[in-house]
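# Structural overview
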Amino acid sequence: MTRRTRFVGLLAAAVAGGLALGAGIMTASTADAVSPGGAYWHTRVIYASEHPWRFGTKADPYRLTERQIMEQWATRDGRFWNGGRELGARPSSAADEQAWQRDGSPGKWSESIDGKTVRMSTEPANGHVRPNRTTTQFFLAGQRLTYEEVQRLPADAERLKDWLRQAGRVFRVPENGLDSWVMSALPMLLHELPAPKEVRTAAYRLLLTMPDVRADGQATDALGRTGSAVVHTRSGGKKTTTQRFIVDTERMMLLSSGSATDGPDAQPASREESTMIEAGWTDTPPAVPALP
């Protein structure tokens, strides 16, 4: 018996028996569960990742950030397409850009000053789009869900937490790791999956209650959009990882997600940023991602 089968069986038993997992689950209304037009659930995201190695000269080094754009299209009946395009590398900060200019503003790199072989360019690639024939369902917390199952996810923060923790147990996540498991699923509900707004609202409220999470006021993302910032900080050994989310609380959609790991155990430093450009229904068919 597969883990998904066991999970579906547990969920059915909980609903039938009135157990905590199923009893009183709030689901989206029928009007909200039926999306307003559009053949594809479409997401478009720019990922930026700071390269771990340095460039230039040892006396005047700089860091580079690599960027790529990724898109996904999904139909209600389980057809998926993935598109991607490398956008090229750029200096990570204003100071890095000045050092890059002093280095002659190179457009390509084959080796870092640390002696590591690399292959990077400032020029964007051609990109691609192709059907994903290995995926026929949406993925959340180790479970593969149909569109209809996504619509029926709990629209209450505590019951959503129970659902995600139960999914983690079916996936054999240790009890002391279930909070991290839940945390990893919440951003997907705020952007990647075509969940009803009530479910996204529950995900946001749940996010604010998780351990080591705090609200951080209003913030602006890389595209100048304003939202509510949420910060999650966790420490392990001699390193600290900070995640920062910006959420449009009117639409309950994730605008950006960033992480930074610092400390002597985190060398080289690791910084990543995701900017969610688009999420919603569209009739425009899959195509190679356009340059932003």
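Please read all numbers here as calculations on a predicted model, not as lab measurements.

### Quick word on the sheet that holds strand β6 (residues 128–131)
- Pairing in this open sheet of nine strands is antiparallel, and the strands run β6-β3-β2-β1-β13-β12-β11-β10-β9 from one edge to the other. Both outer strands of the open sheet, β6 and β9 (213–220), are each paired with one neighbouring strand and no more. The sheet shows a mean angle of 20° between the axes of neighbouring strands, direction not considered.
- Judged from the 10 bridges that link them, strand β1 (residues 40–56) and strand β13 (residues 270–282) form a sheet pairing that is antiparallel. Across the sheet, residue Arg 44 finds its bridge partner in β13, namely Glu 278.
- Strand contacts of helix α3 (residues 94–102): β2 (61–74) and β3 (80–91), with the helix running at about 115° to β2, the strand carrying the most contacts.
- Most of the contacts of helix α7 (residues 197–209) go to strand β10 (residues 226–236), to which it runs at about 45°, and overall it touches β9, β10, β11 (239–248) and β12 (253–262).

### Quick look at helix α5 (residues 157–170)
- Its 14 residues give α5 an end-to-end C-alpha distance of 20 Å, which sits within 8% of 20 Å, the value for a rise of 1.5 Å per residue.
- Where burial is concerned, most of α5 is hidden: 10 out of the 14 residues are buried.
- The N-cap residue of α5 is Asp 156: its side-chain oxygen and the backbone nitrogen of Glu 158 are 3.2 Å apart.
- Of the residues one or two after α5, Arg 172 is the one with positive phi, at around 65°.

### Examining the packing of α5 against α7
- The N-to-C vectors of α5 and α7 enclose an angle of 85°; their axes lie 8 Å apart at closest approach. Taken together, the axis directions place α5 and α7 in an arrangement best described as roughly perpendicular. The segment α5 lies against α7, with Ala 157, Leu 160, Lys 161 and Leu 164 engaging Val 199, Ala 202, Ala 203, Arg 205 and Leu 206.
- Of the residues in the contact of α5 with α7, the class split is seven nonpolar, no polar and two charged.

### Quick notes on the confidence of the model for the protein
- Summing up the model confidence of the protein, the mean pLDDT is 88 and the portion of residues at 70 or higher is 85%.
- This stretch, residues 8–34, has a pLDDT under 50; its non-local contacts, to residues over four places away or in other chains, come to 34 contacts.

### Examining the environment of Ala 99
- If you trace the backbone, Ala 99 turns up in helix α3.
- Judged by relative accessible area, Ala 99 falls into the buried class, the value being 2%.
- Sequence-wise, Ala 99 and Phe 55 are 44 residues apart; in three dimensions their C-alpha atoms are separated by 9.3 Å.
- Sequence-distant contacts of Ala 99, defined by excluding residues within four places in its chain, comprise Asp 60, Pro 61 and Tyr 62.

### Side note on the pattern of salt bridges
- What the rule picks out here adds up to 13 salt bridges.
- For the salt bridge of Arg 54 with Asp 114, the shortest nitrogen-to-oxygen distance reads 3.6 Å. Pair noted here: Arg 54 is in strand β1 and Asp 114 is in the loop between β4 (108–111) and β5 (117–121), with a separation of 60 residues, a long-range link.
- The exposure class assigned to Asp 114 is partly exposed, which follows from its relative accessible area of 34%.

### Focus: the side chain of Glu 71
- Tracing the backbone shows Glu 71 in strand β2.
- A relative accessible area of 8% places Glu 71 in the buried class.
- One polar contact links Glu 71 to His 42, side chain to side chain, over a distance of 2.5 Å.
- At 2.6 Å, the side chain of Glu 71 and the side chain of Arg 44 are in polar contact.
- For Glu 71, the residues in contact, after removing those within four places along its chain, are His 42, Thr 43, Arg 44, Trp 81, Asn 82, Gly 83, Pro 289 and Ala 290.

### A few points about unusual backbone geometry
- Despite not being glycine, Ala 141 has its phi angle at roughly 50°, a positive value.
- Its location among the elements puts Ala 141 in the loop between β7 (138–140) and β8 (143–145).
- Taking the relative accessible area as the measure of exposure, Ala 141 reaches 8% and is therefore buried.
- Positive phi outside glycine occurs at Arg 172, with the angle close to 65°.
- Among the structural elements, Arg 172 can be located in the loop between α5 and α6 (178–192).

### Quick notes on the packing of α6 against α7
- Interhelical geometry of α6 versus α7 gives an angle of 145° and a closest axis separation of 9 Å. Once α6 is placed against α7, the crossing between them reads as left-handed. Taken together, the residues of α7 that come into contact with α6 (itself represented by Val 182, Met 183, Leu 186, Leu 189 and Leu 190) are Val 199, Arg 200, Ala 203, Tyr 204, Leu 206 and Leu 207.
- Among the residues making up the contact of α6 with α7, the classes are represented as 10 nonpolar, no polar and one charged.

### Remarks on the environment of Glu 175
- If you trace the backbone, Glu 175 turns up in the loop between α5 and α6.
- Within the structure, Glu 175 has its side chain in polar contact with the side chain of Arg 169 (distance 2.7 Å).

Thresholds applied
Residues numbered from 1 in each chain as written. Predicted model: local features only at pLDDT ≥ 70, side-chain atom pairs only at ≥ 80, totals over all residues. Heavy atoms only, no water. Pairing = 2+ DSSP bridges. Helix = DSSP H or I, 4+ residues; strand = E, 2+ residues; numbered from the N terminus. Axes fitted to C-alpha atoms, helices over the stretch in contact; angles between N-to-C directions. Contact = heavy atoms within 4.5 Å. Expected span 1.5 Å × (residues − 1). Buried < 20%, exposed > 50% of the residue type's maximum accessible area, 1.4 Å probe, protein only. Polar contact = N/O pair within 3.5 Å; in protein donor to acceptor, adjacent residues only side chain to side chain. Parallel < 35°, antiparallel > 145°, perpendicular 65-115°, else oblique. Nonpolar A, V, L, I, M, F, W, Y, C, P; charged D, E, K, R; others polar. pLDDT = per-residue confidence, 0-100. Salt bridge = Lys/Arg side-chain N within 4 Å of Asp/Glu carboxyl O. Left-handed = near helix turned anticlockwise from the far one by under 90°.

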